[in-house]
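Chain by chain, the residues:
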Amino acid sequence: MGRIKPKAVEMAKRPVEERIKSFDEVALGYTAEEAMKEAERCLICPKPTCVPACPVHIDIPAFIKKIQEGDFLAAVRIIKQDNPLPAVCGRVCPQEDQCEGSCVMGRKFDPISIGRLERFVADYEAKTGEVNVQPVKEKKPQKVAVVGSGPSGLVCASELAQKGYNVTVFESLHEFGGVLVYGIPQFRLPKEIVKREVEYISKLGVKFVKNFFVGRTRTLDELMEEDGFDAVFLGTGAGLPRFQGIPGENLLGIYSANEFLTRINLMRAYKFPDYDTPIKVGDTVAVIGAGNVAMDAARSALRAGAKKVMILYRRTEKEMTARAEEAENAMEEGIEFHFLVNPVRYHGDENGWVKEVEVIRMKLGEPDESGRRRPIPIEGSEFRIPVDTVIVAIGQIPSPIIAQTTKGLEVHKRWGTLVANEKTFATTKKGVFAGGDVVTGAATVILAAGAGKDAAKYIDYYLQNKDKPDIWEELTKAK
Amino acid sequence: MGYKILFKEEVGPGAYRMIIDAPHVAKNARPGQFIVLRVHEKGERIPLTISKADKENGQITIIFQVVGKSTKHLSLLNEGDELADFLGPLGMPSEIDNFGTVVLIGGGFGTAVLYPMVVAYKEAGNHVIVINGARNKDLLLLEKDLSNIADEYFVTTDDGSKGLKGFVTDMLKQLIENGIKIDRVFAVGPVIMMANVAKLTKEHGIKTIVSLNPIMVDGTGMCGACRVEVGGKTKFACVDGPDFDAHEVNFDLLMKRLRMYRKEEQESLEKFEKELAQNG
Ligand SMILES: Cc1cc2nc3c(=O)[nH]c(=O)nc-3n(C[C@H](O)[C@H](O)[C@H](O)COP(=O)(O)OP(=O)(O)OC[C@H]3O[C@@H](n4cnc5c(N)ncnc54)[C@H](O)[C@@H]3O)c2cc1C
Ligand SMILES: Cc1cc2nc3c(=O)[nH]c(=O)nc-3n(C[C@H](O)[C@H](O)[C@H](O)COP(=O)(O)OP(=O)(O)OC[C@H]3O[C@@H](n4cnc5c(N)ncnc54)[C@H](O)[C@@H]3O)c2cc1C
Ligand code: SF4
Ligand code: SF4
Ligand code: FES
């Protein structure tokens, strides 16, 4: 194995001056040489600590070994056994909390850059064009509807098609990919990558239907009772933006992060007027929150022409939930971070445009249920910050539409998430499974993808045992 | 999946009726619901009310007024052309019942939205009174369609070129003063018109529903662009509405929010018209 190499191989990034003016991808990825050099650092542990920390348990040492040997396609095949979206996850996983966060090398040195390696082999595969579509051996007659084309839906559809089912994906928007196309910006995850995945899955025989809003265009009950779907997977995500409910929140210039990012990403408002959808980005922008969504909004605002962008966060740097790499990129790009402040009110001008955000200073108290220290307002510490645009990125919850329009689908009262068995993803309605953000609340791409994959297993099991009298009982009670 | 334009006709100056091939929308469409369409691949998503849904033939009728780039572009398409996207039905269906006597008020583009409501209220057994208002007689929309269905049909024009000289609210006031027992009012049109109707009916304690038209993006409840204030609470018009209790709506806010992109809308339209001129 040779000597320990403490330092990770750097990944090239576009220079700051260049990237803040464009939506092109920031991180450029490893070259083959760099990838092999980084792979060399891995100890190929017999009992790897990285693997259990990956939500889908990719055999990390095995794929890195293949990179060491220069067999990149073999590496990607190993990854794809557990993760069908490596080009995406290699880019957007919070690796520092997952695989890389548990790498033994990381105890003393830099951990192995697992995400970058994963990304490299996935991109390599795409470039060589050697993505082979396995013909499905045995077609099955049953029809499955997959609702939503985010990572959970895409992966679920892909798995079920490979098992021979007749799968249709229904998506309400006009592009497929869920958050991967309407939320995460081009500079972090190029749209072409998502398109590639969708094309691959359609080659497997999956039918993709856009502009189809389940609950309105057709209800879930109609899909099952009239349109002949034998099972349904709900991967509808958590797309309903939350607001704080403070005075002035509906002033002009105050966006939900979802609206802001949808205008930019899905509607390409940054290319207005070549594209028809406009966006308003003033000189001074405040983004409320410090998760991935907030970072994406802040960095998009900068690229769309803002002169000064501030992140306002009610806790401290330590509690930020954004991927470390993106927070770092944001700081490099000159985004200002203001910690321990929370908006309490917005002030507008005579035309109804926001002109100031009034914030209150916070201090950290005891840890709350999430384990993070709870922020407490310091009375009398309010002050105002002048702004032209505000983007509220304090979280999303699932839309209530499907549950409202479906008989017998239970929802957690507090979070609006769907009730589903943790192992089998079976909901309270027979034949309906659910996974991803709609069950967990806003989480991560890899968790959603993993849910889609595991759910497919149980959907298969259900369809093969549909006549068992207590099948749904079995699936909803499974531990 | 193409969304083909099967039929097109001009129904007034700058106003068009189109029939679109959209079986998936027609199947479940109910009065008061709308669609979101994109004219072309770089287009914005614009909401338009479903004027008629023909379930047998899988067709949707829309009626729209040209006000900016997207509606202008739409108006230039012809029978046989296809739209890039067509999503629906969206929004909550209107609450239709036999209330007794219902006054339906439409102004400007609102008259297009009004038409399916007039049909629905009539079918539910109501005594239907329609007030159709415009700035002048040339701008009046759907006169024949509306007067054919309505039990009583009135026209108001700002300049008096037809019907009563004045606003729709002047006509409504007359009806109230004449002692007609009105059980419900439904109004749709310019925000200022809806606000004034609401003010008048509130004084007389007449339940009034308005159909709100804020700027929308997705139309499915995931962006919050369409937020309106009703009864002091924030609502998303695309999923909670578009119909709301007029006496609870913050019209001032709606008016302001509709102006948010005025400059960009102008820019977009001018660019488009220039391109049209260049291409002959
Ligand atoms: C801006 C942003 C940045 C993020 N950054 C990261 C990151 O860096 N790393 C990471 O791991 N995670 C990140 N996340 C979280 C991650 O994207 C989500 O956890 C993941 O996409 C959830 O996948 P999903 O399949 O459950 O749903 P989604 O991706 O939300 O997809 C759901 C799809 O269902 C469609 N849909 C909803 N309702 C209906 C209906 N009734 N009928 C038809 N279609 C419907 C929606 O339009 C959507 O396309 C980010 C999220 C956002 C918003
Ligand atoms: C639920 C609903 C139903 C509607 N039904 C009809 C109808 O049946 N017939 C009809 O003629 N019009 C209808 N409208 C209004 C129609 O959507 C707008 O006129 C259209 O979007 C204008 O686009 P534009 O590019 O031509 O004009 P723009 O130049 O973009 O704007 C002109 C005006 O339209 C408003 N507007 C702009 N973009 C949007 C948008 N995405 N959503 C809503 N309003 C916008 C602006 O505030 C401005 O006042 C409806 C609106 C809503 C919300
Ligand atoms: S999927 Fe994510 S967590 Fe798992 S190995 Fe890849 S980058 Fe790490
Ligand atoms: S823990 Fe680190 S060094 Fe060990 S196999 Fe995993 S990536 Fe390689
Ligand atoms: S239009 Fe996006 S939430 Fe209503």
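Above: the structure in question.
Reading guide: rules and limits
- Residues numbered from 1 in each chain as written.
- Chains lettered and ligands numbered in written order.
- Predicted model: local features only at pLDDT ≥ 70, side-chain atom pairs only at ≥ 80, totals over all residues.
- Heavy atoms only, no water.
- Near = heavy atom within 4 Å.
- Nonpolar A, V, L, I, M, F, W, Y, C, P; charged D, E, K, R; others polar.
- Helix = DSSP H or I, 4+ residues; strand = E, 2+ residues; numbered from the N terminus.
- Contact = heavy atoms within 4.5 Å.
- Core = buried A, V, L, I, M, F, W, Y, C linked by side-chain atoms within 4.5 Å.
- Buried < 20%, exposed > 50% of the residue type's maximum accessible area, 1.4 Å probe, protein only.
- Phe/Tyr/Trp six-rings, centres within 6.5 Å; stacked < 30°, edge-to-face > 60°.
- Lys NZ or Arg CZ within 6 Å of the ring centre and 35° of its normal.
- Polar contact = N/O pair within 3.5 Å; in protein donor to acceptor, adjacent residues only side chain to side chain.
- Areas by Shrake-Rupley, 256 points an atom, 1.4 Å probe, with all protein chains shown as cover.
- Pairing = 2+ DSSP bridges.
- Axes fitted to C-alpha atoms, helices over the stretch in contact; angles between N-to-C directions.
- Parallel < 35°, antiparallel > 145°, perpendicular 65-115°, else oblique.
- Salt bridge = Lys/Arg side-chain N within 4 Å of Asp/Glu carboxyl O.
- Buried area = accessible area lost by both parts, 1.4 Å probe.

With that settled, consider the site of ligand 3. Taken together, the neighbourhood of ligand 3 is formed by Cys54, Pro55, Ile58, Ile60, Asn83, Cys93, Gln95, Gln98, Cys99, Ile114, Glu118 and Ile446 of chain A. When the residues that make up the shell around ligand 3 are grouped by side-chain class, the tally is 8 nonpolar, 3 polar and 1 charged.

Mapping His73 of chain B onto the fold places it in helix H2 (residues 69–76). Not counting residues within four places of it along the chain, the set of residues in contact with His73 of chain B comprises Val39, His40 and Phe272 of chain B.

Another point: the nonpolar core. Counting residues in each nonpolar core, the largest one holds 59 residues, and the members touching the most others are Leu312 and Tyr346 of chain A together with Val103, Ile105, Leu172, Leu212 and Phe251 of chain B. Broken down by element, the residue count for this core peaks at 7 residues, all from helix H6 (residues 191–203) of chain B. Among residues more than four places away in sequence, those in contact with Ile105 of chain B are Leu114, Ile131, Val168, Leu172, Val185, Phe186, Ala187, Val188, Met193 and Val197 of chain B. Within the second largest apolar cluster, 54 residues are counted, among which are Cys54, Ile58, Cys89 and Val92 of chain A.

Centre-to-centre distance and the angle between the planes together describe a pair of aromatic rings. Within the structure shown, the criterion is met by 18 aromatic pairs over all chains. Seen in terms of ring centroids, Tyr121 of chain B and Phe186 of chain B are 6.4 Å apart; in terms of plane orientation they differ by 55 degrees. Their pairing is tilted. Separated by 65 residues along the polypeptide, Tyr121 of chain B in helix H3 (residues 110–123) and Phe186 of chain B in strand E13 (residues 184–188) bring together distant segments of the chain. Using a relative accessible area of 1% as the deciding quantity, one classes Phe186 of chain B as buried. Aromatic ring contacts, followed pair by pair, group Phe23, Phe187 and Tyr270 of chain A into a single cluster. When the ring centre of Tyr165 of chain A is taken as reference, the NZ or CZ atom of Lys140 of chain A above it lies at 5.0 Å.

For the rest of this paragraph, the subject is the site of ligand 1. All names here are of chain A. The immediate surroundings of ligand 1 are formed by 36 residues, with Val92, Ser152, Glu171, Val214 and Asp437 found nearest. The contact in question runs from a nitrogen atom of ligand 1 to an N or O atom on the backbone of Val214, over 2.9 Å. In isolation ligand 1 has 1000 Å² of accessible area, and contact with the protein removes 96% of it. Put simply, the parts of the chain that give the shell around ligand 1 at least two residues each are helix H8 (151–162), helix H13 (292–303) and helix H17 (445–464).

The next subject is the pairing of strand E8 (residues 85–90) of chain B. All names here are of chain B. Where burial is concerned, most of E8 is hidden: 6 out of the 6 residues are buried. Direction of pairing for strand E3 (residues 34–38) relative to E8: antiparallel, over a ladder of 4 bridges. What sits directly across from Arg38, in E8, is Asp85.

So, about the packing of H6 of chain B against helix H8 (residues 251–258) of chain B. All names here are of chain B. Their axes nearest at 10 Å, the elements H6 and H8 cross at an angle of 175 degrees. With respect to H8, the axis of H6 lies roughly antiparallel. Of H8, the residues touching H6 (which contributes Val191, Ile192, Met194, Ala195 and Ala198) are Phe251, Leu254, Met255 and Leu258. By residue class, the composition of the contact of H6 with H8 is 9 nonpolar, no polar and no charged.

So, about the pattern of salt bridges. Residue and element names in this part refer to chain A. Following the criterion strictly, the structure yields 52 salt bridges over all chains and no others. Put simply, Asp230 and Lys466 hold a salt bridge, and the shortest N to O gap is 3.5 Å. With Asp230 in the loop between helix H11 (220–225) and strand E4 (231–234) and Lys466 in the loop between H17 and helix H18 (471–477), this pair connects stretches of sequence that are 236 residues apart. Owing to a relative accessible area of 28%, Lys466 belongs among the partly exposed residues under this scheme. Two residues, Arg384 and Glu356, come together in a salt bridge whose shortest N-O distance is 2.9 Å. Separated by 28 residues along the polypeptide, Arg384 in strand E13 (residues 383–386) and Glu356 in strand E11 (residues 354–367) bring together distant segments of the chain. With a relative accessible area of 46%, Arg384 lands in the partly exposed category. The network of salt bridges with common partners includes Lys13, Arg19, Arg188, Asp296, Arg299, Arg303, Arg323, Glu325, Glu326, Glu332 and Glu333.

Okay, the interface of chain A and chain B next. If you look at the interface, chain A gives 45 residues, while chain B gives 48 residues. Of the roughly 3900 Å² buried between chain A and chain B, counting both surfaces, carbon and sulfur atoms make up 55%. Looking only at chain A, the three residues that lose the most surface to chain B are Arg216, Asn250 and Asp276 of chain A, adding up to 20% of its buried area. Where chain A packs against chain B, one counts 4 salt bridges. Measuring nitrogen to oxygen at the nearest pair gives 3.3 Å for the salt bridge that ties Asp274 of chain A to Lys42 of chain B. Between the two partners, chain A and chain B, sit 25 residue pairs in polar contact (both at pLDDT 80 or more). Of all the secondary structure elements, the ones that give two or more residues to the side of chain A that touches chain B are strand E5 (240–241), strand E6 (254–256) and helix H12 (257–266) of chain A. Here the side of chain A that touches chain B takes 4 residues from H12 of chain A, the largest share from any one element.

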